[in-house]
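Tertiary structure, described
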Number of protein chains: 2
Amino acid sequence: MSNSGNRQPTIIDIAKAAGVSKSTVARALSGSPHIGEASRERVLTAVRALGYERNHLAHSLRAGRTGMIGLVIPDIANPFWAEVARGAQDAAAANGSSLLIFSSDWDAAREASHLRALRQARVDGAIVNPVADNVDGLGRFGLPVVLIGSSAERFPELSSVGSDIAQGVALGLDHLASLGHFRPALLLGSPNRLARVRFLRVVHDHCLAHDIDPATLMIEEGEYTVESGKAATLRLLEREGAAVRCIFAANDLMALGALLAVREAGLTCPGEVSILGFDGIPAGAFSDPGLTTIEKPARSIGLEGIKLLAEAIDGNLDHRRVLLECTLTMRGSLARTEKDNRSARLVAGGRN
Amino acid sequence: MSNSGNRQPTIIDIAKAAGVSKSTVARALSGSPHIGEASRERVLTAVRALGYERNHLAHSLRAGRTGMIGLVIPDIANPFWAEVARGAQDAAAANGSSLLIFSSDWDAAREASHLRALRQARVDGAIVNPVADNVDGLGRFGLPVVLIGSSAERFPELSSVGSDIAQGVALGLDHLASLGHFRPALLLGSPNRLARVRFLRVVHDHCLAHDIDPATLMIEEGEYTVESGKAATLRLLEREGAAVRCIFAANDLMALGALLAVREAGLTCPGEVSILGFDGIPAGAFSDPGLTTIEKPARSIGLEGIKLLAEAIDGNLDHRRVLLECTLTMRGSLARTEKDNRSARLVAGGRN
DNA sequence: TTGAAAGCGCTAACAC
DNA sequence: GTGTTAGCGCTTTCAA
């Protein structure tokens, strides 16, 4: 069993079959003009006959680029991130490159290990939504990177794409205010996430603009999951009781958890407690009531990420920050409140 | 700018820095015993100093295996498949390999192109849920493959993993029967999917066992999406009217769509129409009412897939078929019916 | 137009 | 214990 065992044929096999040298085969394959019509024909015939397919490894090793791109996101099972992955996938395919998707599970160590794997795989670049405390590791990544999300501030030299959280949060807050909710309780992610800081900052500004003392805001925190959102809401309800008339969650999964908690506490939504989410995952359409939410353009984020990364890989040094607009998706989880819960207005405070 | 430009260091750089040959470096790196303590130290020091990381491409080219595995699923944005991917991802990581995830979008051409890409990337093997009409392409894949789902029947020589659809459907049907629903309307996927055939077969058997004429079953079909499920249900309601007291959907997304349709038609669920899903996606917990469904062990499917593939890659010739049990997740979308809708009992029929 | 040869980074014989 | 060498499959000079 000499050459034509079962392994995939190489250009050498083709060369033999076509009676030419391997350089000629390479030329035919790459569509080089420096080759005779006759040889080209014979090569192509042999290629079809043997079912040759170029070995990407060897090609990449020689070419110095793999056509592979890494995508590191917190959780592929979270519909929002799955949608981002979908967008990136599509864009990458259109681009001729393939995507290596990794879930970091919000864990810095895992993220670091994934980044290392990507570097070793010699991906051409990576798109990552970094876990906060790992930001240093990212700085030394050594390959073109595009950031997704809020961490861009810490890396002014990297391109980044994200939804405009400031605009989104303001959009939500304004809408809540228009319904009479001036002091929504906040369901936030863990403190070491930049997204949380961002979120809070906008809320603060908004409060000040509306003469509310930010210090009086009710805040609970947890992870970005349904269970965690539910638990956090239960704690909130326990602690604040009837003062909770509106909840603004930093992510839809938590909002859905809040919904469960409210129901479990024997309260009604939106009757007694209004809930506003953030993300725009499809599941929000099925809840009872439907989840009103600030929708991020998930798929576009993935798509833009690939675009920016392609630029960076092509050596385009000037980084860019793409901010995609959030939209308000109204369903049934918000109700107008009669009580003006601005009770904690900034009157004795420093301002005014 | 000679050697230490900006490129990643190679073993040659390390060799130079440590004052040894590259084989010695390789030995130190691979933990070979045939090396002096002194050299090992110096190599390791140099490795740390230069931040060396092994080039996977070169390694793979030499080793003949890449440690990469392909996963081809219909849609990464479908929560069920995202969960499968998650399970596979975790198992692969534990395994030291990385996963290349592709969405085929239920499209044979796309699937074929992904399989080609995987072959060219020299993945060690692939796990795929094949689009029906592409089954031939799969036969010629030429690499170890593990099938997910029902197509296993067409490839008795391949390992496969899937949920036990027969058991799951029977479970659902029995439960429906226990509530008085003997002739659920069926919401099925497109005819060229093997899963549909399977599903129907079990329903038929069940009908016969309960003296129901399968030909009297109400059937609608569509794609495995919410929109499609909704449209199909609307058609069903339009056509059959009040005869529709129970719907059994072949997938949760369609079931959720059915729920929307029922609501839109001014009907109540489960009061007037009961709905049973199939998959067990998280979103089913938030609908109104909660979706009762047959839950497939999505994550385990991914996990087992990797296990089987690892076996196949290791040259374990005897294929295996792993069937994971489905469970019934009861929420609120099913109600007991008073009317015995076995009206179409097999009395005049051929049997008996 | 074509072939020979070098080399991408790594590992595994094979000498010494 | 260590260095030298060949070669994985490919592309790309450089000669002819």
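Residues numbered from 1 in each chain as written. Chains lettered and ligands numbered in written order. Predicted model: local features only at pLDDT ≥ 70, side-chain atom pairs only at ≥ 80, totals over all residues. Heavy atoms only, no water.

1. Considerations on the domain arrangement of chain A
- For chain A, the domain assignment lists domain 1 (11-54), domain 2 (67-163 + 298-323) and domain 3 (165-296 + 330-340).
- Its C-alpha centre places domain 1 of chain A at a distance of 38 Å from the equivalent point of domain 2 of chain A. (Domains from an automatic or database assignment.)

2. A few points about the state of the cysteines
Residues and elements named next belong to chain A.
- The full count for this structure, using the stated rule, is zero disulfides over all chains.
- For C246, which is in no disulfide, the shortest distance to another cysteine sulfur is to C269 and amounts to 9.4 Å.
- Since its relative accessible area comes to 2%, C246 is described here as buried. (Disulfide = S-S within 2.5 Å. Buried < 20%, exposed > 50% of the residue type's maximum accessible area, 1.4 Å probe, protein only.)

3. Quick word on the protein's contact with DNA strand C
- Of all residues adjacent to DNA strand C, which total 23 residues, the nearest are T24 and S39 of chain A together with K22, Y52 and R62 of chain B.
- Protein-proximal atoms of DNA strand C, defined as those within 4 Å of the protein, fall in sugar or phosphate at a share of 56%.
- A distance of 2.5 Å is found between a phosphate oxygen of DNA strand C and a side-chain nitrogen or oxygen belonging to T24 of chain A.
- Within the side chain of R62 of chain A, a nitrogen or oxygen atom sits 2.8 Å from a base nitrogen of DNA strand C.
- Sorting the residues of the surface near DNA strand C by element identifies α2 (22-29) and α4 (56-63) of chain A together with α2 (22-30) and α4 (56-63) of chain B as the ones contributing at least two each.
- Among the residues forming the surface near DNA strand C, the class breakdown is seven nonpolar, ten polar and six charged. (Near = heavy atom within 4 Å. Polar contact = N/O pair within 3.5 Å; in protein donor to acceptor, adjacent residues only side chain to side chain. Helix = DSSP H or I, 4+ residues; strand = E, 2+ residues; numbered from the N terminus. Nonpolar A, V, L, I, M, F, W, Y, C, P; charged D, E, K, R; others polar.)

4. Points about the relation of the copies chain B and chain A
- For the pair chain B and chain A, the relating rotation is 180°, the translation along its axis is 0.1 Å, and the fit reaches an RMSD of 0.2 Å. What we have between these two chains is a two-fold relation. Residue S287 of chain B of chain B places its C-alpha closer to the rotation axis than any other residue of that unit, at 2.1 Å.
- A shared interface surface links the copies, since 100% of the contact residues of chain B are contact residues in chain A too. (Least-squares fit on C-alpha atoms with pLDDT ≥ 70 in both. Contact = heavy atoms within 4.5 Å.)

5. Points about the packing of helix α8 (residues 165-178) of chain A against helix α9 (residues 194-209) of chain A
All names here are of chain A.
- Here α8 crosses α9 at 45°, and the two axes come no closer than 9 Å. Here α9 runs oblique to α8, going by the angle between their axes. As α8 packs across α9, the resulting crossing turns out to be right-handed. Here I165, A166, V169, A170, L173 and D174 of α8 come into contact with α9, specifically with A195, R198, F199, V202, V203 and H206.
- Classifying every residue of the contact of α8 with α9 by side-chain character gives nine nonpolar, one polar and two charged. (Axes fitted to C-alpha atoms, helices over the stretch in contact; angles between N-to-C directions. Parallel < 35°, antiparallel > 145°, perpendicular 65-115°, else oblique. Left-handed = near helix turned anticlockwise from the far one by under 90°.)

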